[in-house]
Amino acid sequence: MKFSESLKKNSYFQNVYKNGKSYANRYFVMYVLENNLKKNRLGISVSKKVGNSVIRHHITRLVREAYRLQEEMFNRGFDIVIISRVSAKKISYHETEKALLHLAGLHHILLRKEDGIF
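Residues numbered from 1 in each chain as written. Predicted model: local features only at pLDDT ≥ 70, side-chain atom pairs only at ≥ 80, totals over all residues. Heavy atoms only, no water.

Peer 1: Whenever I open this one, the pairing of strand S2 (residues 21–24) confuses me. Can you help?
Peer 2: Regular strands have side chains that alternate between both faces of the sheet. Sheet topology places S2 next to strand S3 (residues 28–34); four bridges connect them, and they run antiparallel. Among the inter-strand pairings, Ala24 is bridged to a residue of S3, identified as Val29. Adjacent in sequence and paired antiparallel, S2 and S3 are bridged by three residues. (Pairing = 2+ DSSP bridges. Helix = DSSP H or I, 4+ residues; strand = E, 2+ residues; numbered from the N terminus.)

Given below as C-alpha cells:
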C-alpha cells in the first residue's frame, strides 16, 4: 500500500527548507515538516556538484527505492526532503537505506514497535 507521493513544486521544497527541521549524516541532509495530510510527501534533491546526470539519477533511484521499501516504518503526515551530499556518489543500496533510517530516527518519524505496525 502506498502511503506517500512526490514533492514536486519548488515552492513546497522552499517551504520545507524554511520551516522544517534538518539533520544530516555523512551522505544526506534530511528536512522534515509536518504537512497535516494523511500521507508523506518525499522530495529528493541531488546537486550537479555530486556528478553527471547518470550519477544523480542513480542516487535519486536508490533513495526513492530505500524509502519505498521502508515506507511502512515511517509516521504519516510529513513533507520530507532529502538532499544528497557529494560523498553519496559511490554509495550502495544498503548504505543508502541505513543512512535514510538513521536520519528518520533522529527526526523521530519512525514508528515504534509498540505502535503495532512491525
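Additional details are given in the paragraphs that follow.
Peer 1: Can you help me understand the packing of aromatic side chains in this one?
Peer 2: Any aromatic ring pair is given by two values, namely how distant the centres are and how the planes are angled relative to each other. Under the criterion given, the structure shown has three aromatic pairs. With a centroid separation of 5.1 Å and 70 degrees between ring planes, the pair formed by Tyr17 and Tyr31 is classed as edge-to-face. Taken together, the residues Tyr17 in helix H1 (residues 10–19) and Tyr31 in strand S3 connect sequence positions 14 residues apart. Taken together, the ring pairs connect Phe13, Tyr17 and Tyr31 into an aromatic cluster. (Phe/Tyr/Trp six-rings, centres within 6.5 Å; stacked < 30°, edge-to-face > 60°.)

Peer 1: How do you make sense of the sheet that holds S2 when you look at a structure like this?
Peer 2: Where strands meet in a sheet, backbone hydrogen bonds hold them as pairs that are either parallel or antiparallel. One open sheet accounts for five strands, arranged S1-S4-S5-S3-S2; its pairing is mixed. Looking at which strands have only one partner, the edges of the open sheet turn out to be strand S1 (4–6) and S2. Each neighbouring strand pair of the sheet contributes to a mean axis angle of 20 degrees, computed without reference to strand direction. Alignment of strand S4 (residues 40–45) against strand S5 (residues 78–84), held across five bridges, turns out to be parallel. Within S5, the residue paired with Ser45 across the bridge is Ile83. Its contacts with the sheet place H1 against S2, S3, S4 and S5, and it is angled at close to 95 degrees to S3. (Axes fitted to C-alpha atoms, helices over the stretch in contact; angles between N-to-C directions. Contact = heavy atoms within 4.5 Å.)

Peer 1: Which parts of the structure should I look at to understand the side chain of Thr96?
Peer 2: Inspection of the secondary structure puts Thr96 in helix H3 (residues 93–107). Taking the relative accessible area as the measure of exposure, Thr96 reaches 1% and is therefore buried. Leaving out residues up to four positions away in the same chain, Thr96 has contacts with Phe28, Leu62, Val63, Ala66 and Ile91. (Buried < 20%, exposed > 50% of the residue type's maximum accessible area, 1.4 Å probe, protein only.)

Peer 1: Please explain the environment of Val54 as it appears in this structure.
Peer 2: Within the secondary structure, Val54 sits in helix H2 (residues 53–70). Sequence separation between Val54 and Ile44 is ten residues; the distance between their C-alpha atoms is 15 Å.

Peer 1: Explain the packing of H2 against H3 here, please?
Peer 2: Between two packed helices, both the angle of their axes relative to each other and the distance between the axes serve to describe the pair. Orientation of H2 relative to H3, taken along the N-to-C sense of each, is 65 degrees, at an axis distance of 9 Å. The element H2 and its partner H3 pack so that their crossing is right-handed. Counted together, Leu62, Val63, Glu65, Ala66, Tyr67, Leu69 and Gln70 of H2 and Tyr93, Thr96, Glu97, Leu100 and Leu101 of H3 form the full contact between these two elements. Residue composition of the contact of H2 with H3, by class: eight nonpolar, two polar and two charged. (Left-handed = near helix turned anticlockwise from the far one by under 90°. Nonpolar A, V, L, I, M, F, W, Y, C, P; charged D, E, K, R; others polar.)

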